[in-house]
Amino acid sequence: FIWIYEYLADILQQEAERITKKEPKKGNWIINLPFRSGKSTLISQLFPVWCWIHNPSLKIMCVSSNQNLANRHAEMSLNFIKGLWFKNLFGDLFHLTNDAISDYSNNKGGCRLSFGMNSKDILGSGSSIILLDDPQSTDDLTPLGIKLTVNKFTDKIYSRLNDSKVDIHILVQQRLHQQDLSGYLLENNADN
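Here goes a summary of the coordinates provided. All values derive from a computational prediction rather than experimental measurement.

## A few points about the packing of aromatic side chains
Step number 1: Enumeration over the complete set of coordinates arrives at eight aromatic pairs.
Step number 2: When the centroid spacing of 6.0 Å and the interplanar angle of 90 degrees are considered together, the rings of tryptophan 52 and tyrosine 104 count as edge-to-face. Of this pair, tryptophan 52 sits in helix H2 (residues 39-54) while tyrosine 104 sits in strand S4 (residues 103-106), and the two are 52 residues apart along the sequence.
Step number 3: Taking relative accessible area as the criterion, tyrosine 104 reaches 1% and is therefore assigned buried.
Step number 4: An aromatic cluster of three or more residues is present, and its members are Trp52, Phe80, Trp85, Phe86, Phe90, Phe94 and Tyr104.

As C-alpha cells, then:
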C-alpha cells in the first residue's frame with residue numbers, strides 16, 4: 001500500500017514545482033481513496049507544509065465538508081510548522097505572520113486558508129492550489145445534499161484559482177455516491 005503514497009507524493013511534488021515555475025497545467029486531480037487510508041494526512045496536512053518549504057509564497061486553500069474538519073487539517077499543518085523539528089530544519093525559510101487556525105500566513109507572502117463548504121468567505125479568496133478534502137458531508141447524502149455540494153464547487157470554488165491556466169484543484173475524497181463531486185466531474189469534465 002506504500003507505493004500509492006509514493007506515487008501521490010511524486011504527483012503532488014511535480015504539480016507544486018510546475019506551479020512555482022508557472023508552467024501550464026494539463027488538468028486537475030481527483031484522488032479517491034477509502035476512509036482511514038491517510039489521504040488527508042498526506043494531502044491536506046503535510047502537502048501544504050512541503051509546498052511552503054519549497055515555495056513559501058504559495059497561496060493554498062483547503063475546503064472540507066465543514067469548518068471543523070477544515071480547521072482540524074489546518075491545525076495539524078500549523079502544529080507541524082511550529083514544531084521544534086521543523087524549526088531546526090526549516091526555521092530560516094519563513095516565519096508565520098498570522099497563525100489563526102483557519103487563515104494563517106508567512107512573511108514570504110504565502111497563506112493557507114481553510115473553509116467549510118458552506119462558508120461565505122470563500123468568495124473573497126483566491127489561491128494557487130485548492131485542496132478539496134471530503135467536500136461532501138456524510139450526513140447529507142440525499143440527492144439535494146449532493147447537488148448542493150456540486151453547485152457550491154461549480155458556483156463558488158471552481159473560479160477561486162489565481163491563474164486558471166497554471167493553478168490547480170486537487171479533490172481528495174472517499175466515494176460516497178455515484179453522483180458525488182468526483183462522479184460529477186468525471187461525467188461532465190473528464191478531460192480537465
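## Structural notes on the sheet that holds strand S5 (residues 111-116)
Step number 1: Strand order across the open sheet formed by seven strands is S1-S7-S6-S2-S5-S4-S3, with mixed pairing between neighbours. The open sheet has two edge strands with one neighbour each: strand S1 (29-32) and strand S3 (96-100). Strand-to-strand twist across the sheet, computed as the mean angle between neighbouring axes with direction ignored, equals 15 degrees.
Step number 2: Of the strand pairs in this sheet, S1 and strand S7 (residues 168-173) are connected by four bridges, and their pairing is parallel. Each residue of the ladder has a partner; that of isoleucine 31, found in S7, is valine 172.

## Structural notes on the packing of helix H5 (residues 143-157) against helix H6 (residues 181-188)
Step number 1: Between H5 and H6, the least distance of the axes is 9 Å, while the angle of their chain directions is 60 degrees. Classified by the interaxial angle, the pair formed by H5 and H6 is oblique. Crossing of H5 against H6: the hand is right-handed. Together, Val150, Phe153 and Thr154 of H5 and Leu181, Tyr184 and Leu185 of H6 make up the contact between the two elements.
Step number 2: Partitioned by chemical class, the residues of the contact of H5 with H6 number five nonpolar, one polar and no charged.

What counts and how
Residues numbered from 1 in each chain as written. Predicted model: local features only at pLDDT ≥ 70, side-chain atom pairs only at ≥ 80, totals over all residues. Heavy atoms only, no water. Phe/Tyr/Trp six-rings, centres within 6.5 Å; stacked < 30°, edge-to-face > 60°. Helix = DSSP H or I, 4+ residues; strand = E, 2+ residues; numbered from the N terminus. Buried < 20%, exposed > 50% of the residue type's maximum accessible area, 1.4 Å probe, protein only. Pairing = 2+ DSSP bridges. Axes fitted to C-alpha atoms, helices over the stretch in contact; angles between N-to-C directions. Parallel < 35°, antiparallel > 145°, perpendicular 65-115°, else oblique. Left-handed = near helix turned anticlockwise from the far one by under 90°. Contact = heavy atoms within 4.5 Å. Nonpolar A, V, L, I, M, F, W, Y, C, P; charged D, E, K, R; others polar.

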